[in-house]
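Listed here are the chains, written in short residue letters.
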Amino acid sequence: VAEINVEFLPEISSIAPEAYHVCEGTTAGFGDFDLNTITHQVLGLNPAVYMITFHESEADALGSTRPLVLTTPYNSESTTLYIRIQSNSVLDCFKIQPLELVVDTLQFTSFEYGSAQYCTTDEVNPVPTFINNGIAGEFTATPTGLAINATTGEIDLATSTEGTYTVTNSLDADNACNPTPSVFV
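Just so you know, these numbers come straight off a predicted model, no measurement behind them. (Residues numbered from 1 in each chain as written. Predicted model: local features only at pLDDT ≥ 70, side-chain atom pairs only at ≥ 80, totals over all residues. Heavy atoms only, no water.)

Undergrad: Would you mind going over the pairing of strand E6 (residues 94-104) in detail, with residue names and values included?
TA: The sheet contact formed by strand E1 (residues 20-23) and E6 spans four bridges and is parallel. In the sheet register, Val22 faces E6, and the bridge partner there is Val103. Relative to E6, strand E5 (residues 79-87) runs antiparallel, the two being bridged by eight bridges. For Ile83, the partnering residue across the bridge sits in E6 and is Gln97. Hairpin remark: E5 followed by E6, antiparallel, with six residues in the connecting loop. (Pairing = 2+ DSSP bridges. Helix = DSSP H or I, 4+ residues; strand = E, 2+ residues; numbered from the N terminus.)

So, in structure tokens, the structure goes:
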């Protein structure tokens, strides 16, 4: 008669990481990911009890082979990595968590108007021309008195007060690659 002891351990619980966004670096479409910043987010557990490794394929994570070296940022295009969360005391107890890496394209807000001066009696309202692949964000003007469409940047000359204004085009602050707003005076 042979005896075996079976011990049921609790399932490894981890927090599924949200997609990790970085701005593209000097090589178009590629960015540097500091994977060490994800470890705490994923664990939410005692790091002394678990070991975390990152892998380029799910098969590598399942087999605990070819873990990534985390001494330098991981340079990659958008992809999915696989995180292996393994018990330090029972090596057969592990969980695999996918991690989406997203390289965001730099966005620019560069723009200009056809002229620096307009008359309130001009028949055509000026609209901005985007330069250097600029995109529209939110247009604002200071001081008050310039009637400007916040979405398009079109200036309503008929309802604007004469004066000198600074027009700013800003992107949403939540954007991972939000540049400094562009200004036109």
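From this point, the discussion proceeds with the structure in view.
Undergrad: Give me the lowdown on the sheet that holds E6, citing residues and values where you can.
TA: An order of E1-E6-E5-E3 is seen for the four strands of this open sheet, with the pairing classed as mixed. Edge strands, defined here as strands with exactly one partner in the open sheet, are E1 and strand E3 (50-55). Put simply, the sheet's adjacent strands are angled 25° from each other on average, direction ignored. (Axes fitted to C-alpha atoms, helices over the stretch in contact; angles between N-to-C directions.)

Undergrad: Can you tell me about the layout of surface pockets, naming the residues and giving the values?
TA: A probe matching the size of a water molecule, rolled over the atoms, marks out where space remains unfilled. In this structure, the largest pocket spans a volume of roughly 380 Å³. What lines the largest pocket is a set of 18 residues, and nearest its centre among them are Ala116, Gln117, Tyr118, Gly163 and Tyr165. Here the residues of the lining of the largest pocket sort into ten nonpolar, seven polar and one charged. (1 Å grid on protein atoms, 1.4 Å probe; cavity = no way out; pocket = protein on both sides within 12 Å on 5 of 7 lines; lining within 4 Å. Points joined across faces, edges and corners; volume = space filled by probe spheres on them. Nonpolar A, V, L, I, M, F, W, Y, C, P; charged D, E, K, R; others polar.)

Undergrad: Please give an account of the pattern of salt bridges that cites residues and values.
TA: Per the stated rule, a full pass over the model turns up one salt bridge. The residue Asp60 makes a salt bridge to Arg66 at a minimum N-O spacing of 3.0 Å. On the basis of relative accessibility, which here comes to 10%, the residue Asp60 falls in the buried class. With relative accessibility at 60%, the residue Arg66 sits in the exposed group. (Salt bridge = Lys/Arg side-chain N within 4 Å of Asp/Glu carboxyl O. Buried < 20%, exposed > 50% of the residue type's maximum accessible area, 1.4 Å probe, protein only.)

Undergrad: Outline the pairing of E3, supporting the account with residue identities and numerical values.
TA: Both faces of the sheet carry side chains from a regular strand, because those side chains alternate between them. For E3, the tally of buried residues reaches five of six residues, placing the bulk of the element in the interior. Two elements, E3 and E5, share six bridges in a ladder whose sense is antiparallel. Note that in E5 the partner of Thr53 across the bridge is Arg84.

Undergrad: How would you explain the nonpolar core if you had to name every residue and give the values?
TA: Core analysis: the biggest nonpolar cluster contains 18 residues, and Tyr20, Phe33, Leu35, Phe54, Ile83, Leu99 and Leu101 have the highest contact counts within it. For this core, the secondary structure elements donating two or more residues are E1, helix H1 (36-43), E3, E5 and E6. Once residues within four sequence positions are removed from consideration, Ile83 is found in contact with Pro17, Ile38, Val42, Ile52, Thr53, Phe54, Lys95, Ile96, Gln97 and Leu99. The next biggest cluster of nonpolar side chains, apart from the first, holds eleven residues, and it includes Tyr113, Phe139, Ile155 and Leu157. (Core = buried A, V, L, I, M, F, W, Y, C linked by side-chain atoms within 4.5 Å. Contact = heavy atoms within 4.5 Å.)

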